[in-house]
Each structure stands twice: as structure tokens, then as C-alpha cells.
Amino acid sequence: MKKLLLLSALIAVPATAQAQDIPFTGPQPGSWEATISGSGSSDNDFDSNALGVTGSVGKYMNENILVGVRQTLNFADTGDDSALTGATRVFADFVFDLGRWRPYIGASIGGIYGEGVNNTFSAGPELGVKYYADNNTFIYAQTEYQFTFRNASDVNDAYDDGAFFHAIGVGFNF
């Protein structure tokens, strides 16, 4: 019995070492990506609270171009009133290949809708960075500058009145 256990251990050691030597490749052209992040805020008395979640799904068109759709849902409760809002945007990002670190820059365009907001279009640039823990799992941080407009003639005036939105989340490639 001892010889069988020793033989099993000797066979398992090279297999374990080989599994740890799998090279990092990151996302490949044609692979899909999904992300999720959350946000929240409260005043100091917890009378006004807001919670939000953002998810995205995208596809790598080649080694560097990721194209997809991003959905945000926000719930706000001010004690007297509550509101549910959403934003749906399509995006395109250029992803730089720096090994496990993948900074990116891009843009998105879509719409904002829901209770207590003017239903409008939104657009703006974005940038972020992903860090891959393995070939298919990463954490990321992103900043978007979003401005709203009702029609194309409003874009030039609206750009200066935008706001920054930040996210930290997790993502998966499949």
C-alpha cells in the first residue's frame, strides 16, 4: 500500500508542475467577455441611499478591439421617494496587450432612461485597466466621461456638462 501511495505521489508531482507552467495568453480573437461591478452611496444618516450595478458583454473582434453592450441599473431611495433608472450603451475599446495588465481606451454611446430622469442619449470616452489573475478571469477599474444630449445639434454644447463615472469590478472571458 505504501508503494502504491508513493508511486501515485511521484506521478502527480510532474502533472502538477506542468499545470502551473501553462503560459498566460489572455483573451483571443473571437472570444467573449462579461463583466460586473457594483456601486452605492448613502448620506451620513442613511436617509438617502443609492445602489447600482453595471454589467457588460463584449466580443474581441481581433487581438485589440473589444466591442459590446453595457447595461447599468440604479436604485435611489431618498426616504420620501424612490426611483429606478437605467442606461444602455454600446462601446468599442482598444485594448493594449501588456501581458497580464491590459489598459484600454474607448468610447460608448447609448441612452439614459427611468423614473425621475429625462430620457436622453449619452456618449463619451472611457479608459480603464484589467489585470488577469488567469487566462479567463480579471479585475478591472474603469472611468467613463458621459454627457447627455437630446439630438445631434446638442452634442457640442453638452460635452462640457458631462460627469465622470467610475467602476471597479470583475470580468471573465469565454
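Refer to the preceding data block for the structure.
Report on the accompanying structure. Remember, it's a predicted structure, so these values are computed and weren't measured experimentally.

## Thoughts on the pairing of strand β8 (residues 163-173)
Step number 1: Relative to β8, strand β1 (residues 32-42) runs antiparallel, the two sharing 5 bridges. Its bridge partner lying in β8, Glu33 is registered against Asn173.
Step number 2: In terms of strand pairing, strand β7 (residues 137-149) meets β8 through 10 bridges, oriented antiparallel. In the sheet register, Thr137 faces β8, and the bridge partner there is Phe172.

## Quick look at the pattern of salt bridges
Step number 1: Summed over all chains, the structure comprises 5 salt bridges.
Step number 2: When the shortest N-O distance is used, the salt bridge between Lys130 and Glu33 registers 2.8 Å. With a gap of 97 residues between them, Lys130 in strand β6 (residues 120-132) and Glu33 in strand β1 connect regions that are remote in the sequence. Considered together, Lys130 and Glu33 belong to a single accessibility category, that of buried residues.

## A word on the sheet that holds β1
Step number 1: Reading around the barrel, the 8 strands line up as β1-β2-β3-β4-β5-β6-β7-β8 and close back on themselves, with antiparallel pairing between neighbours. When the angles between neighbouring strand axes are averaged without regard to direction, this sheet yields 25°.
Step number 2: In this structure, strand β5 (residues 101-114) lies alongside β6, joined through 12 bridges in antiparallel fashion. Bridging from a neighbouring strand, Gly106 pairs with Glu126 of β6.

## With respect to a nonpolar patch on the surface
Step number 1: On the surface, Phe94, Phe96, Leu98, Trp101, Ile105, Leu127, Tyr131 and Ile139 cluster together into a nonpolar patch covering about 800 Å² of accessible area.
Step number 2: Only β5 and β6 provide two or more residues apiece to the nonpolar patch.
Step number 3: Residue Phe94 is classed as partly exposed on the basis of its relative accessible area, which comes to 34%.

Conventions and cut-offs
- Residues numbered from 1 in each chain as written.
- Predicted model: local features only at pLDDT ≥ 70, side-chain atom pairs only at ≥ 80, totals over all residues.
- Heavy atoms only, no water.
- Pairing = 2+ DSSP bridges.
- Helix = DSSP H or I, 4+ residues; strand = E, 2+ residues; numbered from the N terminus.
- Salt bridge = Lys/Arg side-chain N within 4 Å of Asp/Glu carboxyl O.
- Buried < 20%, exposed > 50% of the residue type's maximum accessible area, 1.4 Å probe, protein only.
- Axes fitted to C-alpha atoms, helices over the stretch in contact; angles between N-to-C directions.
- Patch = residues over 30% accessible without salt bridge, like charges linked within 9 Å, V, L, I, M, F, W, Y side chains within 5 Å.
- Areas by Shrake-Rupley, 256 points an atom, 1.4 Å probe, with all protein chains shown as cover.

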